[in-house]
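Spelled out, the chains give:
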Amino acid sequence: MSTQRTGTIAVFGATGQQGGAVVDALLDHKAPVRALVRSLQSDRAQALAARGVELAAIRADDPASLATALATVEAFYFMTPEANSLEEVEAEIRVGTALVDAAAETGVPHVVFNSVFGADRESGVPHHDSKHWIEEHLRKSGLMRATMVRATAFMENFVTVMAPSLEHGEIVLRLPLPEDVALKMISVRDIGRVAAALLLDIAEAPGGVVELVGDELTGPQIAAAFGARAGLPARYETLPLSVLPNDLDRAMFRQFAKAQKNSSDLAVVRSIEPATLNLVEWLRATGWTAPADVAGS
Ligand SMILES: NC(=O)c1ccc[n+]([C@@H]2O[C@H](COP(=O)([O-])OP(=O)(O)OC[C@H]3O[C@@H](n4cnc5c(N)ncnc54)[C@H](OP(=O)(O)O)[C@@H]3O)[C@@H](O)[C@H]2O)c1
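Residues numbered from 1 in each chain as written. Predicted model: local features only at pLDDT ≥ 70, side-chain atom pairs only at ≥ 80, totals over all residues. Heavy atoms only, no water.

## Section: the side chain of Gln255
Line of reasoning, step 1. Counting through the fold element by element, Gln255 comes out in helix 8 (residues 247–259).
Line of reasoning, step 2. Judged by relative accessible area, which is 16%, Gln255 ranks as buried.
Line of reasoning, step 3. Here Gln255 is in contact with Ser123 and Val125, once residues within four sequence places are set aside. (Helix = DSSP H or I, 4+ residues; strand = E, 2+ residues; numbered from the N terminus. Buried < 20%, exposed > 50% of the residue type's maximum accessible area, 1.4 Å probe, protein only. Contact = heavy atoms within 4.5 Å.)

Shown next, in the form of structure tokens:
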């Protein structure tokens with residue numbers, strides 16, 4: 001293990017979930033952070049500035065702005081924007097390519113790309129294959145050093161798109177996932193902590209790649225964890241893929257079912273960040289409470 005870096009770390013996506021967690025963890029380590037933002041005036045950018053983060057205005061389609069923002073940094077973290085259509089996948093690839101090219105052009109010593117699990121190969125999931133393509137581009141870029149951190153499903157999805165409901169005194173979780181398939185998951189907080197440890201050279205990912213996973217549970221096991229937290233009975237129901245809003249998500253959930261055969265990096269993640277949360281710990285740490293009972297609505 002080497003000494004912690006002391007120079008500036010650049011972060012793309014700092015106003016978002018994952019990039020924001022990376023900034024939180026870097027600031028915890030008292031590292032100087034430069035956030036690459038498209039608007040210096042946005043509330044989120046200003047909130048970062050108020051915490052001592054340097055802001056650099058960039059446009060992904062303006063290489064000069066990216067080169068200026070990446071000048072003199074010791075390491076660079078980037079994620080790529082959410083894509084819900086094939087057009088957005090194309091845009092995601094354009095952003096990722098521009099960031100890699102700018103980092104290579106500027107000679108950034110270490111780049112950490114926040115990819116997705118399974119991006120070591122093409123899977124037929126458009127917004128995962130985009131990340132596979134960006135990983136390949138990064139490898140061929142001539143950069144001195146690149147690390148891939150491959151995020152699994154965010155635990156935070158359980159308070160938004162995958163939230164369980166409370167129905168007549170019972171916690172009910174419904175997902176388009178067969179009940180014997182284990183879903184890999186991680187908290188956004190821990191994505192930030194692991195990425196920060198790598199950016200700061202506090203830790204190293206074996207072979208330059210780590211799958212970001214904090215827990216691996218089947219639908220019935222996830223429902224049971226929520227039920228135990230609420231002190232209520234719980235059940236799981238498998239939904240058809242047709243409930244998903246687009247072809248991209250349907251392809252992704254099909255892939256989730258296949259991907260469980262692949263081994264997990266749970267132990268590697270814990271060796272980098274020993275306090276990585278499993279689902280039960282995440283429920284406790286976030287103070288999750290059951291939603292209102294539909295019977296009362
Ligand atoms: N949800 C999951 O469970 C999950 C799991 C694994 C991987 N992923 C992947 O995670 C990614 C999304 O990450 P997230 O949830 O952290 O994103 P997020 O919260 O939506 O934040 C997106 C960030 O990117 C910035 N951004 C977007 N487009 C930009 C552009 N053209 N130029 C400059 N900045 C731009 C945004 O800046 P502004 O403030 O200017 O908008 C914001 O800081 C997706 O690629 C998704 O596939 C998600």
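## Re the site of the ligand
Line of reasoning, step 1. Close to the ligand lie 21 residues; Thr15, Gln17, Gln18, Thr80 and Asn157 are nearest.
Line of reasoning, step 2. The contact in question runs from an oxygen atom of the ligand to an N or O atom on the side chain of Thr15, over 2.5 Å.
Line of reasoning, step 3. At 2.8 Å, a side-chain N or O of Asn157 approaches an oxygen atom of the ligand.
Line of reasoning, step 4. Among the elements of the structure, helix 1 (17–28) and strand 7 (153–154) are those that each provide at least two residues to the shell around the ligand.
Line of reasoning, step 5. For the shell around the ligand, the residue count by class is 9 nonpolar, 8 polar and 4 charged. (Near = heavy atom within 4 Å. Polar contact = N/O pair within 3.5 Å; in protein donor to acceptor, adjacent residues only side chain to side chain. Nonpolar A, V, L, I, M, F, W, Y, C, P; charged D, E, K, R; others polar.)

## Focus on the nonpolar core
Line of reasoning, step 1. Counting 62 residues, the largest nonpolar core has Phe12, Leu26, Leu70, Phe76, Phe78, Leu198 and Val210 as its most contacted members.
Line of reasoning, step 2. Leave out the neighbours within four places in its chain, and Leu70 touches Ala10, Arg34, Leu36, Phe76, Leu99, Ala102, Ala103, Thr106 and Val108.
Line of reasoning, step 3. Counting residues in each nonpolar core, the second largest holds 33 residues, with Met162, Tyr236, Met252 and Phe253 among its members. (Core = buried A, V, L, I, M, F, W, Y, C linked by side-chain atoms within 4.5 Å.)

## Notes on the packing of aromatic side chains
Centre-to-centre distance and the angle between the planes together describe a pair of aromatic rings.
Line of reasoning, step 1. Counted by the stated rule, this structure contains 6 aromatic pairs.
Line of reasoning, step 2. When the ring of Phe226 is compared with that of Trp288, the centres are 4.7 Å apart and the planes differ by 80°; the resulting orientation is edge-to-face. With Phe226 in helix 7 (residues 219–230) and Trp288 in the segment after helix 10 (279–286), this pair connects stretches of sequence that are 62 residues apart. The same class applies to Phe226 and to Trp288, which are both buried. (Phe/Tyr/Trp six-rings, centres within 6.5 Å; stacked < 30°, edge-to-face > 60°.)

## Considering helix 5 (residues 126–139)
Line of reasoning, step 1. In this model helix 5 runs 20 Å from its N-terminal to its C-terminal C-alpha over 14 residues, within 8% of the 20 Å that 1.5 Å per residue would give.
Line of reasoning, step 2. Every buried residue of helix 5 is accounted for by His127, His128, Asp129, Ser130, Lys131, His132, Ile134, Glu135 and Leu138.
Line of reasoning, step 3. Looking at the buried side of helix 5, the elements it contacts are strand 4 (75–78), helix 4 (86–106), strand 5 (111–116), strand 6 (146–151) and helix 8. (Expected span 1.5 Å × (residues − 1).)

## Examining the side chain of Asn246
Line of reasoning, step 1. Among the structural elements, Asn246 can be located in the loop between strand 13 (234–238) and helix 8.
Line of reasoning, step 2. Assessed through its relative accessible area of 14%, Asn246 is described here as buried.
Line of reasoning, step 3. From its side chain, Asn246 meets the backbone nitrogen of Asp249 in a polar contact 2.8 Å long.

## Quick word on the layout of surface pockets
Line of reasoning, step 1. Of the pockets and cavities examined, the second largest pocket occupies roughly 170 Å³.
Line of reasoning, step 2. Contributing to the lining of the second largest pocket are 12 residues, with Gly118, Asp120, Arg150, Glu211 and Ser263 lying nearest its centre.
Line of reasoning, step 3. In terms of residue count, the dominant contributor to the lining of the second largest pocket is strand 11 (residues 209–212) (3 residues). (1 Å grid on protein atoms, 1.4 Å probe; cavity = no way out; pocket = protein on both sides within 12 Å on 5 of 7 lines; lining within 4 Å. Points joined across faces, edges and corners; volume = space filled by probe spheres on them.)

## Some remarks on the pattern of salt bridges
Line of reasoning, step 1. What the rule picks out here adds up to 17 salt bridges.
Line of reasoning, step 2. Glu135 serves as the salt-bridge partner of Arg139, at 3.6 Å between the closest nitrogen and oxygen. One end of the pair is Arg139 and the other is Glu135, both in helix 5 and 4 residues apart, which spans about a single turn.
Line of reasoning, step 3. When its relative accessible area of 44% is taken as the criterion, Arg139 is described as partly exposed.
Line of reasoning, step 4. Between Glu135 and Arg150 there is a salt bridge, with its nearest N and O atoms 2.7 Å apart. Here the residue Glu135 occupies a position in helix 5, and Arg150 occupies one in strand 6, the gap between them amounting to 15 residues. Residue Glu135 shares its accessibility class with Arg150, and that shared class is buried.
Line of reasoning, step 5. Salt bridges sharing common partners tie together Glu167, Glu170, Arg174, Arg235 and Glu237. (Salt bridge = Lys/Arg side-chain N within 4 Å of Asp/Glu carboxyl O.)

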